[in-house]
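Structural features, examined
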Amino acid sequence: MSAWKRWRIAIPLLGLSLLLFVPAVFGAWAWWSENSATYRTITAFICLVLAGCVGISLSIGIKRTGDVPWLRIGLVAVGVLATCGLAVVRRSV
């Protein structure tokens, strides 16, 4: 697979990951002292999962591979869905 094709896959995934990661980190920083310990723990976990999604998205574009990296694409999708589920759980806390 050429570098151009890898980056065509990686850029939308990276954009989605950053679109979720930046507000999560800013929200954690801005309202850290106003929330309970459980809320902060879930928020920190959300930030870690999204940071992993950013890293995996970058690895799709950087790492050379012969075919489409379906496993890494799936990991990003699962990470985004997991953070959405964690956000729902965090809201009920």
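Overview of the structure.

Here is what the cut-offs are and how they apply
- Residues numbered from 1 in each chain as written.
- Predicted model: local features only at pLDDT ≥ 70, side-chain atom pairs only at ≥ 80, totals over all residues.
- Heavy atoms only, no water.
- Helix = DSSP H or I, 4+ residues; strand = E, 2+ residues; numbered from the N terminus.
- Contact = heavy atoms within 4.5 Å.
- Areas by Shrake-Rupley, 256 points an atom, 1.4 Å probe, with all protein chains shown as cover.
- Phe/Tyr/Trp six-rings, centres within 6.5 Å; stacked < 30°, edge-to-face > 60°.
- Buried < 20%, exposed > 50% of the residue type's maximum accessible area, 1.4 Å probe, protein only.
- Polar contact = N/O pair within 3.5 Å; in protein donor to acceptor, adjacent residues only side chain to side chain.

When helices and strands are counted, the chain shows three helices and zero strands. The N-to-C order of helical and strand elements in the chain reads α-α-α. Overall, the chain is about 50 × 20 × 15 Å in size when its C-alpha atoms are taken along their principal axes. A separation of at least 24 residues holds for 76% of the contacts in the chain among residues at least 6 apart in sequence. Counting only carbon and sulfur atoms, one obtains 72% of the accessible surface of the chain, whose full area is about 6000 Å².

Looking now at the packing of aromatic side chains. Scanning the entire structure with this criterion turns up two aromatic pairs. The interplanar angle of 45° and the centroid separation of 5.9 Å between the aromatic rings of phenylalanine 26 and tryptophan 29 together place this pair among those described as tilted. Of this pair, phenylalanine 26 and tryptophan 29 both sit in helix α1 (residues 3–30), three residues apart, roughly one helical turn. Each ring, one from phenylalanine 26 and one from tryptophan 31, has its centre 6.4 Å from the other, and the planes form 80°; the classification is edge-to-face. Exposure remark for phenylalanine 26: the relative accessible area of 48% places this residue in the partly exposed category.

Here the focus is the side chain of serine 17. Within the fold, serine 17 resides in helix α1. Within the local environment of serine 17, its side chain forms a polar contact with the backbone oxygen of leucine 13, the two atoms lying 2.9 Å apart. Serine 17 has contacts with Cys53, Val54, Ser57 and Val76, leaving out every residue within four places of it along the chain.

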